[in-house]
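# Remarks on the overall topology
Here are the chains, one letter per residue:
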Amino acid sequence: MEYLIHLVILISIYSILGLSLNLVVGYTGLLSVAQAAFYGIGAYATAILMTGFGINFYLSLVLGMILAALAAFLVGLVLSKFKGDYYALVSLGFNVIIFSVFLNWQSLTRGPLGIPGIPRPAPPFLLVALAALALVYFFCRFLVNSSFGRTLMAIREDEKAIQIFGYQTHHFKLAIFTISAALAAVAGSLFASYISFIDPSTFSLNESVFIFAIIIFGGLADLRGSVLGALFLILLPEALRFVGFPPDVAAQMRQLIYGLILIGLMLYRPQGLIGRYKL
Amino acid sequence: MEIVPQLVANSIIAGSIYSLVALGFNLVYGVTKFFNLAHGALAVVGGYTTFYFLKYLHLNLYLAVVLGVLVAGLVGYLLDKFIYLPLRQRKASGMVLLVASLGVFTAIQALLAILFSSQFQTLSLYIGPQRIFDLFGGIITQTQLIILVSVLLITILLSWILNQTMFGKAVKAISDDEEVAKIVGINTNKIIGYVFFIGSAVAGLAGILVGFDTGIEPTMGMFLLLGGVIGAIVGGIGNIYGGVLGSFLLGFVENFGIWQISGEWKAAIAFILLTLFLIFRPEGIMKK
C-alpha cells in the first residue's frame, strides 16, 4: 500500500511536469528541453526556504513559482525570438547552465552533497499531491480553452499568418514559457518536500528528456495525454525493480528505455497515444 | 609557466577538439538539414571502442585507434540507415528528426554506462609517459600536439574531398538542393549514408583524442556536442571552414572567460556567445 501511494505521488508530480511542458511543446509548438531547470528551481526554493529559513511549505511553493517564472521570463526574452531547432538548442543550453549553477553554487545549494531533511506539510502527502495535480490540470484546461490558448495553437500552426493579424507572437511565446515554468516549479516543491532530500543530479538534462518523453508518449496538445504518459513511463520501468538489477544499472536501464521510446515513437507514431498535434 | 601563453595553448586545444566535432556535424547538417544531437554520442562510442580494444583485447595502439574511428563511423552509418533515412523518406519534419536524435543520444549514453560503468576512464595509461612541448611559454603535451595536427590534416582532407572529387560534388549538390540532385541522377540516400559515416568517424576521432588527453566518461558526449554545435553555428552552419573558425573562437572565449571567474561557468560563457551570435549575426561568421 505504501508503495502504491508512493507511485501515485510520483505520477502526480510527473503529470504536473508533463502538463506544464505540454503547454509549450504541444500547444505552442516550441521544442523546449529545459523543463528540468524550472523543476529544479522550484525544488531548491522549497528546500532552501524550508530548511534554512523555516518558511512554511505553501509559502515556499509560491516563492519557488515566482522565482522560476522570473528565470523563465529572463531567458524567454531571448528564447522567444527563436523557433524550431534553435529554440531546442538554446533551451537545452539553459538546462545545462542551471544544472551547473545547482552543482557549483555551493554556498547556497551545498553542491553535489545535496540538501537533506526537507520537512513535509501537515496533511497526508498523497492529498497534497493530488490536489496540486487537480489544480494544475484545471488551470491548464482553462488556459487552453481560452482565447489565449487558441492564439497559442494558431502560433503553432502558422506564426507568420497570425502576426499578420496583428498578434505580437513573441509576447505570447514569452507568456506561455513563463507560466509553464511556474507550474513546473510546483512539481519541484512537491518533489523536494516528498523525498525530503534533493541533489543536482535529479535536475540534469536527462530529466528534461524524460519529461519530454512523457508528453510525446502520451500525446502532444492533449492534457489527458500528459497524465497518461506520466502513468505509463513511471510504471513501465518500475517493472525493472523486480528484475533485480543493481540500482546504478537500473537507472541507466530507465534512460535506455526512454531513449528507445523516443526513437520508436518518432518512427511509428509521432503523435503519441492520444495526441492531436504531430511534430 | 606564464598565464597568457598557457591560456592561448589551452584555447587552441579546446578549439581543435570542438573543430573535429563541428566538422562532422556540419557535413551531416549540410546534407540533411537537421540538428543531429546523436553526433556527440558517436564521439563517446569512438572513445569507448578504443578503450575496449586497448584494455580488454590488448590490441596495438594504432589499430585500436583506427578501429575506434571505424566503429564510430559505422554506428553513424547504421543510425542513418535504420532511423534517419526512414524518417526522411516519410518527409518527417526537422523537429521529428531532432527528437529522434535526442532519443538516440540518450539511449547510446545509457548503453555505454551499462556496459562500461559511469566511471571516468583514462586512455593515456596505455601510451606511457608523454613528451611535453614548450610553445612560447605555454605547455602542451604530445597528445595535444597530435590533436592539433589531426584537425589541420582532416580539414585539408575534407576540403580536398569536397572540392576535387565526384563524391564531394555530389555532397555539395545535395546540400544546395536535394530534390534537384536527385533529378540529375545522384543517388542521394547512398551519398548521405557515406556522409554520416565520414562525419561520425571524425566525431569518433574527437572522442578518442579527448580520451588520451583527459579521459572518457559516458556523459562527455553532451559537452563535446555543445562545443561542436556552438562552434558550427557561430562559424556559419553548413560551412566546414566556418565551423573550424567558430570552434577556435569558442575555445578562446571559453578559456579567457574563465581566467577571472571560476571554471564551472564555461558552459554559461559558451551559451552567452551562442546567444549573442544568434541575436546579432544569426548566419555566423562565414555566411554559406
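My aim in this report is to walk through the structure given alongside it, one point at a time.

Rules behind the numbers
Residues numbered from 1 in each chain as written. Chains lettered and ligands numbered in written order. Predicted model: local features only at pLDDT ≥ 70, side-chain atom pairs only at ≥ 80, totals over all residues. Helix = DSSP H or I, 4+ residues; strand = E, 2+ residues; numbered from the N terminus. Rg over C-alpha atoms; globule rule 2.2 N^0.38 Å. Buried ≥ 20, exposed ≤ 12 C-beta atoms within 10 Å, placed from the backbone. Contact = placed C-beta atoms within 7 Å.

Per the secondary structure count, chain A includes 12 helices and zero strands. What you see in chain A, going N to C, is helices and strands ordered as α-α-α-α-α-α-α-α-α-α-α-α. Relative to the 2.2 N^0.38 estimate, which gives 19 Å for 279 residues, the radius of gyration of chain A is 18 Å and therefore close to what a compact globule would have. Overall, chain A is about 55 × 40 × 35 Å in size when its C-alpha atoms are taken along their principal axes. Considering chain A as a whole, with its 279 residues, one finds that 52% of them fall into the buried category. Counted over contacts in chain A with a minimum sequence separation of 6, partners at least 24 positions apart contribute 79%.

In this section: the environment of Ile-127 of chain B. Residue and element names in this part refer to chain B. Take Ile-127: it is sitting in the loop between helix H4 (94-116) and strand S1 (132-135). Along the chain, Ile-127 and Ile-272 lie 145 residues apart, while their C-alpha atoms are 37 Å from each other. Sequence-distant contacts of Ile-127, defined by excluding residues within four places in its chain, comprise Leu-61 and Phe-212.

In this complex, chain A contributes 33 residues to the contact, which on the side of chain B involves 31 residues. Elements supplying a minimum of two residues to the side of chain A that touches chain B: helix H4 (84-104), helix H10 (205-218) and helix H12 (247-268) of chain A. Here the side of chain A that touches chain B takes 12 residues from H12 of chain A, the largest share from any one element.

In this structure, Arg-110 of chain A is a non-glycine residue whose phi angle is positive, near 60°. Looking at the secondary structure, you find Arg-110 of chain A in the loop between helix H5 (106-109) and helix H6 (125-145).

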